[in-house]
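Here's the letter readout for the chains.
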Amino acid sequence: MAQLNMVQAINQALSLEMARDDRVLLLGEDVGRDGGVFRVTEGLWERFGSERVIDTPLCEAGIMGAAIGMAAYGLRPVPEIQFLGFTYSAFEQLFAHAARLRSRSRGRYSCPMVVRTPYGGGIKAPELHEESTEALFCQVPGLKVVVPSGPYVAKGLLLAALRDPDPVLFLEPTRLYRLLREEVPEGEYLVELGRARVARGGNSVTVVAWGSMLERVLKSVEGYDAEVLDLLTLNPFDSEAIVKSVQKTGRLVIVHEAAKTCGFGAEIAATVAEEAILHLRAPILRVTAPDVPVPLAKLIDHYLPGAEQIRNALDEVLQY
Amino acid sequence: MAETLRELLSEEELLGFFEQMVLCREFEESCAEQYSKGHITGFLHLYTGQEAVAVGCTAGLQEKDYILSAYRDHAQAIVRGADPKKVMAELFGKATGLCKGKGGSMHLFAPELNFMGGYAIVGGQFPIATGLAWGSQLLEEDRVTACLFGDGSMNQGTFHESLNWARLWDLPVLFICENNFYGIGTEVHRASAQAALHRRTCGYDIPSEKVDGMDVIAMYQATKRAAEWVRERQRPYFIEAVTYRFRGHSMSDPAKYRSPSETDVWKTRDPIPNLSRRLLEEGIATKEQLEEITKRCLARVEESVRFAEESPWPEDAAVWEDIYV
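Residues numbered from 1 in each chain as written. Chains lettered and ligands numbered in written order. Predicted model: local features only at pLDDT ≥ 70, side-chain atom pairs only at ≥ 80, totals over all residues. Heavy atoms only, no water.

1. Remarks on the UniProt feature "domain: Dehydrogenase E1 component" (unreviewed entry) in chain B
As recorded in UniProt, the feature "domain: Dehydrogenase E1 component" (unreviewed entry) lies at residues 20-314 of chain B. Split by type, residues 20-314 of chain B is 45% helix and 12% strand. Its first and last C-alpha atoms lie 30 Å apart. (UniProt positions renumbered as here; feature names shortened; annotations may be inferred. Helix = DSSP H or I, 4+ residues; strand = E, 2+ residues; numbered from the N terminus.)

What follows is the structure, given as structure tokens:
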């Protein structure tokens, strides 16, 4: 099996699905001839042509909206937005229309599109290029939000997203693009949306993470009897898997690189409080970024949750 | 009939233009070096080739006038008066930076110089410029807002919304498009239905003109004339400055989408040698004088790198500053 990084795994998923289903098309700024900002779509323009790999003008709202129209017409558009911070100008199209097309047409239309965008910190770039505002997008019913944590799941999740009948926001952790390589089967396989994955078994504390934080959590929990859940899909999220794990361990730590206030950790904590509060042997702790815009350079190390903070949280719940 | 430079400007002003362009060029080249050494991280968009636009347009404005820019903003800030040392320190992410080392290359900001920011979101500055102009008009402060932007941003909705509003309410905004022909790798004609960009303002009844953005004198004259027109009539105006970036969109862009021969042609129009040639031909400066100026610029850039290197990193606690009062 080939050892691929996440860029290659995503490229392979797109390529496979475009070959299998000629309704799938890519659109975005410089996704074609240039292969995208992070070169994720490299080679696809040459292979599938400019009608299926479309270099658009610089207009995120237009890209998002055109994709909705294409999806309603029965195509399977895959808009790429260069950074999560650039989706803000397309927010209206995504939030007010893509997510609600099924509901607004009372089930007569669906909006099968996958919005791909790099997200998250750790590439030494400033705000708007390192955003992890995923929770904003989880607030709207009708939109699925998926975050892979490595090459293998990235390919399987993307293929599943491309075949999903509803709009999916596919957040690709920028820091992981070329950081890790994993064995990735050449052919197609699906990783089910809405299901968390047990990344590491354990009995005394449950740690929930996603995206680029998973790698950091797995390194930090060495020496602890911790069960690590890789959430993979944030909306709809696998509350069952979390509750089941917490019922076993009695302790929960949530790690995310987004700001704390109204971060997705709050939703998980509330759900566990609703469904498993009597199993808890310690307060639920969140390890997050501070409530500030993403800073530049050295300060990013202080901003992103690190091993020390993760271990402190584990010690705190274990010694409670 | 072309006028001589002496008829247009004083010797001091002309040499000042030369010095500012050289300073910006050397600053950007030094940034490239610091980026390859890993001292500057993230995304770095260099202005190399476009210097005549920033220098000419800033000179054509008054100090009280506002300037807003996109993310290719080092030159605009420096020409406006930002200390190159502070700009370099900002790019390094050091505490002594223009914005405390927290914003970096794309988010320079110096309200004390009436430089109202570089904007990393393409087209983000259009409505803000419109609002600033609204403020100056309402408060009867005699101020023009110059909004600089790239060709690619004219395809964003904010461009259309802002031009419409600026003309509807007749606000003192001077829109200056820096047309370098590429939005990252996409040429103007692949992104804009009307590739003659200055013609796109007819729909908003805003007068416009196309200016040679590789000629600092032309840029200066056009901006000065336009800014005074805007100031007097309190109405928006549009300049398309035709220019070229000699480097890629950012340091991670190898610019494979354009041919070396295209770049070579544009290099014959490099604004710096073109001005120096004219200065020499008209006997305004000697070769030695220009070399002296270049040396002085190099020394300032070296000093700015040294300053940035020696400056401290921000304290961790700085991450909490400037969020709320």
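That covers the picture; the talk isn't over yet.
2. Focus on the sheet that holds strand β10 (residues 205-209) of chain A
All names here are of chain A. Pairing is mixed across the open sheet formed by 5 strands, whose spatial order is β9-β11-β10-β13-β14. Two strands in the sheet have a free side with no partner beyond their single neighbour: β9 (197-200) and β14 (285-289). For this sheet the average axis-to-axis angle between neighbouring strands, irrespective of direction, equals 25 degrees. Sheet analysis places β10 next to strand β11 (residues 226-230), joined by 5 bridges and oriented parallel. (Pairing = 2+ DSSP bridges. Axes fitted to C-alpha atoms, helices over the stretch in contact; angles between N-to-C directions.)

3. Some points on the state of the cysteines
In protein chemistry, a disulfide is the covalent bond that joins the sulfur atoms of two cysteines. Summed over the entire model, instances satisfying the criterion amount to 0 disulfides over all chains. Between Cys262 of chain A, a free cysteine, and Cys138 of chain A, which holds the nearest cysteine sulfur, the sulfur-to-sulfur gap is 12 Å. The thiol sulfur of Cys177 of chain B is not disulfide-bonded, and the nearest other cysteine sulfur, from Cys147 of chain B, lies at 10 Å. (Disulfide = S-S within 2.5 Å.)

4. Points about the sheet that holds strand β2 (residues 115-118) of chain B
All names here are of chain B. One open sheet holds the 6 strands; their spatial order is β2-β1-β3-β4-β8-β7, and the pairing between them is parallel. For this open sheet the edge positions go to β2 and β7 (208-212), each flanked by a neighbour on one side alone. Strand-to-strand twist across the sheet, computed as the mean angle between neighbouring axes with direction ignored, equals 15 degrees. As paired strands, strand β3 (residues 145-150) and strand β4 (residues 173-179) are joined by 6 bridges and run parallel to one another. Across the sheet, residue Thr145 finds its bridge partner in β4, namely Val173. The sheet strands contacting helix α9 (residues 216-233) are β4, β7 and β8 (237-242), and the helix crosses β8 at an angle near 170 degrees. (Contact = heavy atoms within 4.5 Å.)

5. Remarks on the domain arrangement of chain A
Residue and element names in this part refer to chain A. Taken domain by domain, chain A holds domain 1 (2-184) and domain 2 (197-318). The C-alpha centroid of domain 2 is placed 26 Å from the C-alpha centroid of domain 1. Contacts between the two partners involve 29 residues from domain 1, matched on the other side by 24 residues from domain 2. A combined buried area of about 2,000 Å² lies between domain 1 and domain 2, and 59% of that area is made up of carbon and sulfur atoms. Run the count over domain 1 and domain 2 and you get 1 salt bridge. Where domain 1 touches domain 2, the interface holds 13 residue pairs in polar contact (both at pLDDT 80 or more). Sorting the residues of the side of domain 1 that touches domain 2 by element identifies α6 (134-138), β6 (144-146) and α7 (151-162) as the ones contributing at least two each. (Domains from an automatic or database assignment. Buried area = accessible area lost by both parts, 1.4 Å probe. Salt bridge = Lys/Arg side-chain N within 4 Å of Asp/Glu carboxyl O. Polar contact = N/O pair within 3.5 Å; in protein donor to acceptor, adjacent residues only side chain to side chain.)

6. So, the interface of chain B and chain A
In this assembly, 36 residues from chain B lie in contact with 31 residues from chain A. Surface buried jointly by chain B and chain A totals about 2,800 Å² across both partners, of which 65% is contributed by carbon and sulfur atoms. One can count 2 salt bridges joining chain B with chain A. In this structure, Glu187 of chain B and Arg33 of chain A form a salt bridge, with 3.0 Å as the shortest nitrogen-oxygen distance. At the boundary of chain B and chain A, one finds 8 residue pairs in polar contact (both at pLDDT 80 or more). For the side of chain B that touches chain A, the elements supplying multiple residues, two or more each, are α5 (84-92), β6 (186-187) and α8 (188-191) of chain B. Element by element, the count of residues in the side of chain B that touches chain A is highest for α5 of chain B, at 3 residues. When the residues that make up the side of chain B that touches chain A are grouped by side-chain class, the tally is 16 nonpolar, 14 polar and 6 charged. (Nonpolar A, V, L, I, M, F, W, Y, C, P; charged D, E, K, R; others polar.)

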